[in-house]
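This is what each chain is made of:
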Amino acid sequence: MSYLKIQWVKSAIGRTQDQRDTIRSLGFRKLHQEKVVKNTPEIRGMVKKVIHLLKIVEDVR
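Residues numbered from 1 in each chain as written. Predicted model: local features only at pLDDT ≥ 70, side-chain atom pairs only at ≥ 80, totals over all residues. Heavy atoms only, no water.

(A) Structural detail: a nonpolar patch on the surface. A contiguous nonpolar surface patch, about 310 Å² in accessible area, is contributed by Met-1, Tyr-3 and Val-36. Within the secondary structure, Met-1 is located in the segment before strand S1 (3–8). (Patch = residues over 30% accessible without salt bridge, like charges linked within 9 Å, V, L, I, M, F, W, Y side chains within 5 Å. Areas by Shrake-Rupley, 256 points an atom, 1.4 Å probe, with all protein chains shown as cover. Salt bridge = Lys/Arg side-chain N within 4 Å of Asp/Glu carboxyl O. Helix = DSSP H or I, 4+ residues; strand = E, 2+ residues; numbered from the N terminus.)

(B) Molecular detail of the pattern of salt bridges. According to the stated counting rule, one finds two salt bridges in the structure shown. Residue Lys-49 is joined to Asp-18 by a salt bridge in which the shortest nitrogen-to-oxygen separation is 3.2 Å. Taken as a pair, Lys-49 in helix H2 (residues 41–49) and Asp-18 in helix H1 (residues 17–25) lie far apart in primary sequence, 31 residues in all. Given a relative accessible area of 39%, Lys-49 falls into the partly exposed group. Taking relative accessible area as the criterion, Asp-18 reaches 38% and is therefore assigned partly exposed. (Buried < 20%, exposed > 50% of the residue type's maximum accessible area, 1.4 Å probe, protein only.)

(C) Focus on the environment of Asp-59. Mapped onto the elements, Asp-59 comes out in strand S3 (residues 54–60). Considering only alpha carbons, one finds Asp-59 and Val-37, 22 residues apart in sequence, at a separation of 9.9 Å. Residue contacts for Asp-59: discarding those within four places in its chain leaves Ser-2, Tyr-3, Leu-4 and Asn-39. (Contact = heavy atoms within 4.5 Å.)

Encoded structure:
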């Protein structure tokens with residue numbers, strides 16, 4: 001299974017509650033934090049919803 005390394009680069013202040021909940025459910029607690037997550041359709045959908053707040057660092061195999 002492949003993985004994605006994503007980084008939270010833009011604040012969620014002033015964003016809608018569902019976008020803030022999505023950031024939290026991806027496992028982020030602090031700004032500029034990096035996470036390695038599974039590359040599943042569910043996770044891809046969550047990333048797509050808040051792509052303007054994230055940076056995809058790399059595709060980890």
